[in-house]
Amino acid sequence: MTIASHYAGWLTLTVWRKKTTLLIVALLIILAIFGIHYNSGSEISESQDDSEIARVTNMQDKRSLLGGSSVQFIKSASLATVSSLNNIVIDDTPSREDIMKQRGMVDDNGMNEVHIFSKTPYIPKARLLHLDLKGAPPKVSYIKKIFHLSKSLGATGVLLEWEDMFPWSGSLSVLAAANAYTKNEVNEILLAAKENDLEVIPLIQTFGHVEFALKHDHFSHLREVPDSAQALCPSLNASIEFVQHMIEQVMEIHNESKYLHIGCDEVFQMGECSKCRLQSRENLFLGHVSKIATIVKTLYKNVIPIIWDDMLRHLALSNLEQYHIGDLVEPMVWVYAEDVYRFVQYSVWDKYAAVFPRVWAASAFKGAFGETLYVPNVKRHLENNLRWLEVMNNEGLKFKNGFQGIVITGWQRYDHFSVLCELLPAAIPSLAVTMVATTHGYLNSSIRTKLNTYLGCGVFGPTSFFNLNTDPFLWDSYSRCTFPGHAFFKLTYRFNNAEKEAKELIEMIRKQKGWMTEYNVRHNFSTPLRIEELMQEHSRIYHTMTSLSRVARESLSDIFDFYTIGEWVEQNIYPYVLDLEEIQRDALALKARHVWPKRPFPVLKDLQKLGIQTSEESADDTIPPG
């Protein structure tokens, strides 16, 4: 018993001394057992994985357009092992990202990976760049550079939307802007496309968005609504004749085109005039499309009309079949948001497949997320394009002849009356990323070298793959590259910083601080010492803004005419220059005063219309009428 007691005591003491080591060993054993269990549990068959992901894909309760999202990129890996196509579908719960993280297939690094869901990348057979030329025509020399770059990126064609930049003639000559292209320039553009093996599809608006024509007095009688130039009246024979004249002039130059896009999107005014009220909106729309498509197919036997699809989405299958619309046009389904299925539900795809043998898709690389933006959010545009690849992969088999291809749109204005959104040179990195992703069916770090080469980055290119969570506009990644228009792209980065500073200064002076508000200015009542403090950064910020105007002119002079340059500067830089100059004048006036009146100040007389008493005599007159 003594020996046993001795060893028992020794063992107890040893265990106590080694308690930390033994505890670590025990924890490691537990973790090892847990790891074995986890690995065995994650060895689910590939078909089960695909089934679960497919279940999430088909959930229709999508997050809203403005909901959060995260685009991620695949680390370099064997493409035979990790598939190429990833479209990120944003579902409420569970998300695809959650599923893939549970499988241990996705990093939490935000943008270092794009998780993959398809065994084979979906690559559209036709990939077209859309150039919206209305009101901001790039010089022909710059368009040639963009065609060459687009071909290198994988484009197979270009959708040209001329609007008022086309050299309209004869009875349509009033439609041509003062800075429209000449016929020789148009032919030069078409030749450049041909030399780059880019198929050209012209686009003419023939129903809605005809503002460029209906704004003129000469064609105002064709409006559906007298006070709006947005849509023409489909019940007038003159409307059909007008559209036919446009088609004939455009197709005379585009005589090698196999397609003609006839627009027909967003017909906001329809069925409102006295003639059109006698028909349903459905019949008005389909009847007009049928007439225009028939004109195209009659005049040009081998030309296929294309229309935007948005006006078809809510039409009954019976309406579409009644007009045999599937024999007349091919629809181009456009969604620029990240969640394609939220705007074109599964039932719509089934309806389209029952009517149309072929279908097109349309994504965007600029001009989709804000009427006044000056640089596109590449993160959102890339996600939109990757989502489209998944939708095309999912829905294409429903159609007899599948998807013809995808057009990556680049809108210059939201409509004819809108101001400029992102200029083309500011969107070249977005074009490069979206076109490369669409061409390959995926985007991962293996394409980084190609992108750097295409964008002329050389030794200044990013040494690691870009992170769109922290650099959504790609300013950090590509500001030192030399792609066509790189100087203006870099300028947008500088302007973004200058704009923030100007806004902060103006907000601080006019709102946050209490010595130079509009009240102070109206009553000329402040102290020079405080004014000096408020104006310390004014001169530097004002100089930055005015110098950016000069840089904008220099960086755009080889790309646009002085009209477009002037419009962009007036729209973006000039308002801050005016505000800062006004502040400077107010500061000088406030500092010039060295004696001040006693309070109270006279009440502003204009306040009477708000029911405020402005003098003792006006006490009975402070209640506004009505």
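To be clear, the structure that these remarks concern was listed above.
Cut-offs used in this document
- Along each chain, numbering runs from 1 in the same order as the chain's sequence is written.
- Residue-level local features of this predicted model are given only where pLDDT is at least 70; pairs of side-chain atoms are given and counted only at 80 or more, and the full residue set underlies all totals for whole chains, interfaces and linings.
- Derived side-chain values reflect all non-hydrogen atoms in the structure, with water molecules and hydrogen atoms excluded from consideration.
- Among the buried residues, those of types Ala, Val, Leu, Ile, Met, Phe, Trp, Tyr and Cys that are joined through side-chain atoms within 4.5 Å form a nonpolar core.
- Burial status follows relative accessibility: with a 1.4 Å probe on protein chains alone, a residue under 20% of its type maximum counts as buried, one over 50% as exposed, and anything between as partly exposed.
- Any two residues whose heavy atoms approach within 4.5 Å at even a single point are treated as in contact.
- For the purposes of this analysis, a disulfide is any pair of cysteine sulfur atoms at a distance within 2.5 Å.
- Helix and strand labels come from DSSP, where a helix needs a run of H or I of at least four residues and a strand needs a run of E of at least two; each type is numbered from the N terminus.
- Only residues whose relative accessible area exceeds 30% and that form no salt bridge are eligible for patches; like-charged ones are grouped when within 9 Å, while nonpolar side chains (Val, Leu, Ile, Met, Phe, Trp, Tyr) are grouped when within 5 Å.
- Note that accessible areas follow from Shrake-Rupley with a 1.4 Å probe, and for residues the cover is restricted to the protein chains shown.
- What counts as a salt bridge is simple: a side-chain nitrogen of Lys or Arg found within 4 Å of a carboxyl oxygen of Asp or Glu.
- By the convention used here, strands pair only if DSSP detects at least 2 bridges between them.
- The crossover handedness rule: strands pointing away from the viewer, path from first strand over the helix to second strand clockwise, crossover right-handed.
- To estimate the expected span of a helix, subtract one from its residue number and multiply by 1.5 Å.
- Aromatic pairing here means that ring centres of Phe, Tyr or Trp (its six-membered ring) are within 6.5 Å. Orientation follows from the plane angle: under 30 degrees is stacked, over 60 is edge-to-face, and everything else is tilted.
- Charge-over-ring placement is defined geometrically: NZ (Lys) or CZ (Arg) within 6 Å of the ring centre, and within 35 degrees of the ring normal.

Asker: Would you take a moment to explain the nonpolar core for this structure?
Answerer: The tendency in soluble globular proteins is for nonpolar side chains to be buried side by side. Within the largest apolar cluster, 160 residues are counted, with the highest numbers of intra-cluster contacts made by Phe242, Phe285 and Trp568. What Trp568 contacts, discounting residues up to four positions off in sequence, is Tyr374, Leu420, Leu423, Phe488, Leu491, Phe495, Ala552 and Ile573. Within the second largest apolar cluster, 17 residues are counted, among which are Leu128, Leu203, Trp360 and Ala364.

Asker: Help me understand the state of the cysteines, please; the structure alone is not making it clear to me.
Answerer: In this structure the tally under the stated criterion is one disulfide. Disulfide pairing is shown between Cys457 and Cys481; the S-S distance is 2.1 Å. The chirality of the disulfide connecting Cys457 with Cys481 is right-handed, given an S-S dihedral of about 95°. Of this pair, Cys457 sits in the loop between helix H15 (448-454) and helix H16 (475-478) while Cys481 is found in the loop between H16 and helix H17 (486-512), placing the two residues 24 residues apart along the sequence. Overall, the relative accessible area of 2% leaves Cys457 in the buried class. Looking at Cys273, it has no disulfide partner, and the nearest cysteine sulfur is the one in Cys276, 3.4 Å off. Judged by relative accessible area, Cys276 falls into the buried class, the value being 0%.

Asker: What is the right way to look at a nonpolar patch on the surface in this model?
Answerer: A cluster of nonpolar side chains, contributed by Val603, Leu610 and Ile612, occupies part of the molecular surface with about 260 Å² of accessible area. One can find Val603 in the segment after helix H22 (574-591). With relative accessibility at 35%, the residue Val603 sits in the partly exposed group.

Asker: Please clarify how the pairing of strand S8 (residues 330-334) should be interpreted in this entry.
Answerer: Put simply, side chains in a regular strand alternate between the two faces of the sheet. Among the five residues that make up S8, five are buried, leaving the element largely enclosed by the rest of the structure. In S8, alternate side chains face the same way, and those of Glu330, Met332 and Trp334 on one face and Pro331 and Val333 on the other are all buried. The sheet contact formed by strand S7 (residues 304-308) and S8 spans three bridges and is parallel. Within S8, the residue paired with Ile307 across the bridge is Pro331. Of the crossover connections in this fold, the one passing from S7 over helix H10 (residues 317-322) to the parallel S8 is right-handed.

Asker: I keep staring at the pattern of salt bridges and nothing clicks. Help me out?
Answerer: Think of it this way: side chains of opposite charge can pair up when their charged atoms draw near. Using the criterion set out here, one finds 20 salt bridges in the structure. Between Glu161 and Lys134 there is a salt bridge, with its nearest N and O atoms 3.9 Å apart. Here Glu161, found in strand S2 (residues 157-161), pairs with Lys134, found in the loop between strand S1 (127-132) and helix H5 (140-153); they are 27 residues apart in sequence, far enough to count as distant. Lys134 shares its class with Glu161; the two are buried. Residue Arg380 pairs with Glu338 through a salt bridge whose shortest N-O separation is 2.6 Å. Of this pair, Arg380 sits in helix H13 (residues 378-395) while Glu338 sits in the loop between S8 and helix H11 (340-343); the two residues are 42 residues apart in sequence, bridging distant segments of the chain. Both residues of the pair, Arg380 and Glu338, belong to the buried class.

Asker: For this particular structure, what's the right way to read H22?
Answerer: Because an α-helix completes one turn every 3.6 residues, residues spaced three or four positions apart along the sequence face the same direction. Its 18 residues place the ends of H22 26 Å apart at the C-alpha level, agreeing with the 26 Å of an ideal helix rising 1.5 Å per residue. Restricting attention to buried positions, one finds in H22 the residues Tyr576, Val577, Leu580, Ile583, Asp586, Ala587 and Leu590. Where H22 is buried, its residues contact H17, helix H18 (518-523), helix H19 (528-534), helix H20 (538-556) and helix H21 (562-572).

Asker: Any chance you could explain the packing of aromatic side chains here in plain terms?
Answerer: One pair of aromatic rings is described through two measures. These are the centre distance and the angle between the planes. One pass over the structure, following the stated rule, counts 28 aromatic pairs. Geometrically, the ring pair formed by Phe495 and Trp568 is edge-to-face, given 5.8 Å between the ring centres and 65° between the ring planes. Placement of Phe495 in helix H17 and of Trp568 in helix H21 is noted, with a sequence separation of 73 residues between them. The same class applies to Phe495 and to Trp568, which are both buried. Ring geometry for Phe495 and Tyr576: centres 6.4 Å apart, planes at 65°, overall edge-to-face. A residue pair is termed long-range when its members are at least 10 positions apart, and Phe495 in helix H17 and Tyr576 in helix H22 qualify at 81 residues. Just as Phe495 is buried, Tyr576 falls in that class too. Through a chain of ring-to-ring contacts, the aromatic side chains of Trp349, Tyr352, Phe356, Trp388, Phe399 and Phe403 assemble into a single cluster. Across from the ring centre of Trp334, 5.5 Å away, lies the NZ or CZ of Arg313, which sits over that ring.

Asker: Sorry if this is basic, but what is going on with the side chain of Ser290 here?
Answerer: Looking at where Ser290 falls in the secondary structure, it is placed in helix H9 (residues 281-299). For Ser290, a relative accessible area of 17% puts it in the buried group. Excluding residues within four positions of it along the chain, Ser290 makes contact with Tyr323 and Leu328.

Asker: Can you walk me through the environment of Asn237 in this structure?
Answerer: With respect to the element layout, Asn237 can be found in helix H8 (residues 237-253). Asn237 gets classed as exposed once you look at its relative accessible area, which sits at 62%. Sequence separation between Asn237 and Leu222 is 15 residues; the distance between their C-alpha atoms is 9.5 Å.

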